[in-house]
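Examining the three-dimensional arrangement
Next come the chains, spelled out residue by residue.
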Amino acid sequence: MADPRPLLSLDEALAKLVAGAAPHAINADESVSTFDALGRVLAGDVLSALDVPPEDNTSMDGYAVHCDDIATAGTVLPVSQRIPAGVVGQALQPGTVARIFTGGQVPAGADAVVMQEQCEAISGEGLGTARVNVVPLRGQWIRRRGEDVRLGAIVLRKGTRLTPQALGLAASVGAAVLPVVRRPQVAVFSTGDELVMPGEPLRPGAIYNSNRYTLRGLLQAAGCVVTDLGIVPDRLEATRQALRTAAQGHDLILTSGGVSAGEEDHLRPAVQSEGWIENWQIAIKPGKPLAFGAVRRDDGRSALFMGLPGNPVSSFVTFLLAVTPVLRALQGAPTALPAGLPLRADFDWPKPDRRREFLRVQINREGGLDLFDNQSSGVLTSAVWADGLLDNPPQQVIRRGDTVRFLPLAELMAR
């Protein structure tokens, strides 16, 4: 029998999820060493304590010169000083050049740097002389004070997830410690008497619990502190007790399975008894069923609850599309899906679904996209093979050569 519930678009579902998560936002923050802040979300803006670079410096090994002293190519001038990086030289004497190395502070009186490949060092008294074989232009190869960052400028904004390059930028402005949002505390468990763990005998009718590993890994990759409550017996009181335990000290409870329409399980009534729950049907494939709600805690607040579909690929894709924005909303970070890349489809997709499809694809050597041959929601090998998802609008036929929207898995996991 057809499910009578209306389908929500993904955009509608995301708006509801983000709005529902907002009141549960993590208000606690902490200070951590910039060395240890990779993947964390900033709790405040990072301002520069200095100009970057702090003084004019050279971007090349060569000679600091005063352009008026070099009217013609081939001019020979004495070398008056040597300026390695980290050394502050003297003002450039008129009619001389200074040997200077990348990062070295440009001396007062110099208005250009000539790269060493365009000069000839000539031995002689003192530091010798140098023949400058080009007529320099004022300002060439000089990085000006503050041209990268000005004193007091905001270099990283609140809500930014810290990448390696962001940590480098923070360090470049002198930030040894960064304010970050507390990591989301997430409890995860599975329900279903058919589930067994790898290493146990696979009895008739049973399946290995792959979702437990996938979801735990996704949560860890998202920077969460994960409490794994294992497999909960498929009984109402056991499920209620697991929810009560999971709610304490956690921001989010995540489960998989038991959220499809008409499914005979105890998860839905258990959540209803301990808080509230809404069961949605989202117009995406793979995916569709998603439960969202909250479970009461002893401190008077609630832990959010999200129930994902049980099929492995559905669970994986729905996490990327729906759970990740919730985790980011809890931390005050931007929640929008990645913009995606326009790439060429090197396959035909003649029978699209009425739902918005997220096809498992891989970039080939020619820069186009290949399609995994089995797009079933139970084929987890497709998620391992793929390096991204093709975001295909509802009922959109794809013909070989069409430009499509590609969402890299790395961006979906790391945003």
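The present account deals with the structure reproduced in this document. (Residues numbered from 1 in each chain as written. Predicted model: local features only at pLDDT ≥ 70, side-chain atom pairs only at ≥ 80, totals over all residues. Heavy atoms only, no water.)

The buried count for strand 18 (residues 252-256) comes to 5 of 5 residues, which makes it a mostly enclosed element. As defined by bridge partners, strand 14 (residues 185-191) adjoins strand 18 across 5 bridges and the pair is classed as parallel. What sits directly across from A187, in strand 18, is I253. Here strand 18 runs beside strand 22 (residues 302-308); their pairing, made up of 5 bridges, is parallel. The residue bridging L254 from the neighbouring strand is M306, located in strand 22. (Buried < 20%, exposed > 50% of the residue type's maximum accessible area, 1.4 Å probe, protein only. Helix = DSSP H or I, 4+ residues; strand = E, 2+ residues; numbered from the N terminus. Pairing = 2+ DSSP bridges.)

Taken together, 6 strands build an open sheet; the order of strands is 8-5-7-6-10-9 and the sheet is mixed. Every interior strand has two partners, whereas the edge strands, strand 8 (112-115) and strand 9 (119-122), have only one. Each strand axis lies, on average, 40 degrees off the axis of its neighbour in the sheet, ignoring direction. As paired elements, strand 6 (residues 75-83) and strand 10 (residues 129-132) share 4 bridges and run antiparallel to each other. Counted as the bridge partner of T75 is V132 from strand 10. (Axes fitted to C-alpha atoms, helices over the stretch in contact; angles between N-to-C directions.)

Two descriptors summarise a pair of aromatic rings, namely the distance from one centre to the other and the angle between the planes of the rings. By the definition in use, this model includes 3 aromatic pairs. When the centroid spacing of 6.0 Å and the interplanar angle of 85 degrees are considered together, the rings of W276 and F292 count as edge-to-face. Of the two residues, W276 is situated in strand 19 (residues 275-282) and F292 in strand 21 (residues 289-296); the sequence distance between them amounts to 16 residues. Exposure remark for W276: the relative accessible area of 37% places this residue in the partly exposed category. (Phe/Tyr/Trp six-rings, centres within 6.5 Å; stacked < 30°, edge-to-face > 60°.)

A separate point is the environment of V65. If you trace the backbone, V65 turns up in strand 5 (residues 62-65). A relative accessible area of 0% means that V65 is categorised as buried. Put simply, V65 and A98 are 33 residues apart on the chain and 6.8 Å apart in space, counted from C-alpha to C-alpha. With sequence-adjacent residues up to four places away left out, V65 is seen in contact with I70, L92, V97, A110, D111, A112, V114 and P136. (Contact = heavy atoms within 4.5 Å.)

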